[in-house]
Amino acid sequence: MQPTDIGNPDYFHKVVDCQWACPAHTPVPEYIRLIAAGRYTDSYMINWRSNVFPGILGRTCDRPCEPACRRGRVEKEAVAICRLKRVAADFKDDVRARLPAIPSKKNGKRIACIGAGPASLTVARDLMPLGYHVVLYDQDPFAGGMIRTQIPRFRLPEPVIDEEVGYVLGMGVETRFGQRVDSLKALLAEGYDAIFVGCGAPRGKDLDVPGRQEAAARVHIGIDWLASVSFGHVASIGKRVIVLGGGNTAMDCCRTARRLGGEDVKVIVRSGFEEMKASPWEKEDAIAEDIPILNYLVPKSFSHHDGKLSGVWFEKVRAEYDAKGRRKLVPTGEPDQHFECDDVLVAIGQENAFPWIERDAGVEFDKWGLPVLNQKTLQSTHPKVLFGGDAAFGPKNIIWAVAHGHDAAISIDKLCNGEDLGERPPPMENLVSQKMGIHEWSYDNEISTEKRYKVHHAEKRAALKDIKVEVELGFDRKRAYLEAQRCLNCDVQTVFTSKLCIECDACVDICPMDCINFTANGEEEDLRRRLIAPALNPSQDLYVSGALKTGRVMVKDEDVCLHCGLCAERCPTGAWDMQKFLIDMTHAGPACRSRKRSPALTTS
Amino acid sequence: MTYLAKPKLHHPRLPANKLGYTRRDYEGAVSTLCAGCGHDSISAAIVQACFELDLPPHRIAKLSGIGCSSKTPTYFLGNSHGFNSVHGRMPSVLTGANLANRALIYMGVSGDGDSASIGLGQLAHAIRRGVNMVYAVMNNGVYGLTKGQFSATADKGSKSKRGEVNTDAAIDLVGMALQLGASFVARSFSGDKAQLVPLLKAAIAHRGAAFLDVLSPCVAFNNHEGSTKSFDYVRSHNEAVNRLDFMVERAPITADYAPGTVRAVVQHDGSTLVLRKLAEDYDPSDRIRAMTYLAERQAAGEVVTGLLYVDPEAGELHDSLNTVERPLNALGDAELVPVRPPSRASTRACGSRTAGGAQGVNRRPRPPVPPRAPRRSRRVPGSGAGA
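Analysis parameters
Residues numbered from 1 in each chain as written. Chains lettered and ligands numbered in written order. Predicted model: local features only at pLDDT ≥ 70, side-chain atom pairs only at ≥ 80, totals over all residues. Helix = DSSP H or I, 4+ residues; strand = E, 2+ residues; numbered from the N terminus. Buried ≥ 20, exposed ≤ 12 C-beta atoms within 10 Å, placed from the backbone. Contact = placed C-beta atoms within 7 Å. Domains from an automatic or database assignment. Nonpolar A, V, L, I, M, F, W, Y, C, P; charged D, E, K, R; others polar. Pairing = 2+ DSSP bridges. Axes fitted to C-alpha atoms, helices over the stretch in contact; angles between N-to-C directions. Parallel < 35°, antiparallel > 145°, perpendicular 65-115°, else oblique. Left-handed = near helix turned anticlockwise from the far one by under 90°.

J.: Let's hear about the overall build of chain B: which residues, and what values?
T.: Within chain B, the secondary structure is distributed over 13 helices and 13 strands. Every one of the 387 residues in chain B was classed for burial, and the buried ones make up 47%. Counted over contacts in chain B with a minimum sequence separation of 6, partners at least 24 positions apart contribute 72%.

J.: Lay out the domain arrangement of chain A in plain terms, naming residues and giving numbers.
T.: All names here are of chain A. Domain annotation of chain A identifies domain 1 (13–97 + 440–484), domain 2 (103–202 + 352–416), domain 3 (204–349) and domain 4 (492–584). Taken together, the contacts link six residues of domain 2 with nine residues of domain 3. Looking at the side of domain 2 that touches domain 3, its residues break down into three nonpolar, two polar and one charged.

J.: How would you summarise the sheet that holds strand β2 (residues 133–138) of chain A if you had to cite specific residues and measurements?
T.: Residue and element names in this part refer to chain A. With respect to topology, five strands assemble into an open sheet ordered β3-β2-β1-β4-β16, the strand pairing being parallel. Strand pairing shows two members of the sheet lacking a second neighbour, β3 (174–177) and β16 (385–387), which therefore form its edges. Here the strands of the sheet are splayed against their neighbours by 20 degrees on average, with no regard to which way each runs. Bridge analysis of strand β1 (residues 110–114) against β2 gives five bridges, and the strand direction is parallel. Note on β2: the bridge partner recorded for Arg-110 is His-133. Most of the contacts of helix α17 (residues 398–416) go to strand β4 (residues 194–197), to which it runs at about 170 degrees, and overall it touches β1, β4 and β16.

J.: Could you give an account of the environment of Gly145(A), naming the residues involved and the relevant values?
T.: Residue and element names in this part refer to chain A. Structurally, Gly-145 is set in the loop between β2 and α10 (146–149). Under the C-beta neighbour-count criterion, Gly-145 is labelled buried, with 27 such atoms within 10 Å. In sequence terms Gly-145 and Pro-118 are 27 residues apart; their C-alpha atoms lie 7.0 Å from each other. In this structure Gly-145 touches Gly-115, Ala-116, Gly-117, Pro-118 and Gly-200, once residues within four positions along its chain are discounted.

J.: So what about the packing of helix α4 (residues 40–51) of chain A against helix α8 (residues 81–91) of chain A? Which residues, and what values?
T.: All names here are of chain A. One way to put it is that α4 packs onto α8 with a least axis distance of 8 Å and a crossing angle of 120 degrees. Between α4 and α8, the interaxial angle falls into the category oblique. When the axes of α4 and α8 are compared, the crossing they make is left-handed. Counted together, Tyr-40, Ser-43, Tyr-44 and Asn-47 of α4 and Lys-85, Val-87, Ala-88, Ala-89 and Phe-91 of α8 form the full contact between these two elements.

As structure tokens, then:
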């Protein structure tokens, strides 16, 4: 193999599994260390810069970081990254003084953001400090979008939303709330320099089976019903409720129903339990609230009496897999099953809908009704119109919306400066030795053997009584510290300098995970098999040095490295060093502009 | 130097041996030797060898004297018996322990100062008696603990870190061991575990005095230009006479070897040593020729390594002493002190049996235990009586 190019920012970035997996590339180990140090405000600000909504995401994120966490490969469970994020938000001081200054003199560019959800708010957050004039539209009277309408209060209390949405609005964003946008053409005619569409996937899928029309009064679309609950239009539901669907919306629906009078609430899903789209922890929380989840039942019809819903008929199915591993649900042939109920909540998916975009406005759509976009710049076929969040590529989640928001803000900034949108400068990276003494590092390199800590929940009876009682109580400071110590500091990289190595084997002997090898070079496949501990995880790179004095090479399997720094401590020559790798993703602003041009329209 | 314990976490697919132990179970406390010390690599090789041999840790006794090398038993086999003796006196303590309990595996660890200076006489006699043991010398040619004076194994003409030239002749421990009748003699290098681990395994399986001289560079005081014990010097002058593939069971040799390049030696316990020849015509069963060869190559400036001599039929100290198969420490008073029946009065005065035993008096006399014919004991781990 060729020696590893550690100059490529992606190499060490990939070693920080959590950060690499996060769509917004939040520097997770960095903020976790700050939590351990009790520096909650600093930790919060690192989060805020990267993901805009630390308090909200610390409660609701889909956590792509946690399945990626190295700790999950080293022992059983990942670090509770998401809940630690909440700790930073819970214990921080007033951060208002640390928010970016907003120039009083604007740069003369006006940007419209459609839909006041996480994607649009991120665009506004990134552009306001640069002197842009941002106009935020939403049909609802509040900002927040699905964060406010679809996520129930027992998971995300309103003050948390108000606070973090408020930081963005407080920058002086012009808001046009409670006002539907009916025409893109009309909006374009208002002379905006760019329009960002972040209106989400606002249409809940319906279930068109016999009886749907007759029973309509007691059959509700999940996300619409959740929004009605959120705005206080709905305050009760029948005693027996069936929730159809297996995603996180279904989990929110059933748990909300339990709080509005539902005593016998069931979730009934077509697929098997494991394949359900809902996050495992959300399923757990639902089950803990006495909500059974029934699988392999396909809704066939609504039964009704005198125009009133009486239940749902289901066909029993089982999963069959073809040679390509594709699943097919096949009827088992058993008699259909009937479940009685008073209300049905349909949470079987969401769709995009852009009824307000005229088809001749210059924005092309594909056959699935999604806008045709440049994946990187998020620009549509109309140069001034960009998309982000669920509106761009269909329903995803908040953290993806934030990532899109950052990218779109860069595009808008470049667009307004007359630059090529496709030219994206690489992120800023920083690699600094953490050595402070012979066996002293600037980070805590002792490896905790604690198991993952659980978050305490509110007492169930009290929680089910009031929809506003938050279920998860969050970590207290002590638990937060212990959980933070489980983080392996994957951003403190093992950096190897070939010319200093005397091949004494000290690092090989001390490495607790058998990551380090000195062996004859070879092709990657062959090398992976020949290591002391064969490197069987192809998603994790091998770190290969240049040829050493004996002609061998150093090969390190990054897979299960604890970043304990013992290799560097045992190294007599400093060939190994522990260096902190900080990567600062490109954000909109002068730094991301082309070097070829002189900065023109920057902040004054 | 580190004060941080090695994390308990280990590779998720770390293999276990026949006893269900992983390699990590054979480790000791974290080393306090200098970072990069060759001794730590030898410790790691001992850990690896004991793991691969499926040795129960509680059947091993590790003994050492004083010095950097003699600190290492703390850093390997944390669940084995250990004894840190007086400087240079490890061979006597080991001999005594072996006489008292022949059922354990004895691992003597020493350094060039401990063995070639203060303990030279001790080393000589333990070897010439054929004590059943592994005697490993971690040889760095320098007194590391006292900041780098030449030791007795430093080559004449080699330079100290401060530039002084050694004017004394070096003691060649391997040559001495051959002359004194060691039945297994090898030399290796801490920086070559592929060679060292099989040699250690063979030495452990060997019945009799197995002597291993392991060159182990001192990174702090003897790894500079002009030293003959540095990583660079040993690597560039290393001439291995053979490569040892150690095999535990008596088994047909299945690996592909060119004809005439392999020699198989079956030891007492049935273990087979498969030696791949590297030096033409080197015969590790000929003591005299081995000594000559070593002297010649050494004069030519080479560092000869590999299995230099082995006598698979060698006896050991217990054979010559005609001791019983059962470890002496497991014998009761009756067997150990075969005296005539005591008088009534003295029996009464003793009071109890245990008190009587302490005074060398048995209540119920037994005939003396006749010495048994010496039996070739297989050093199968765990087969002996308790320690």
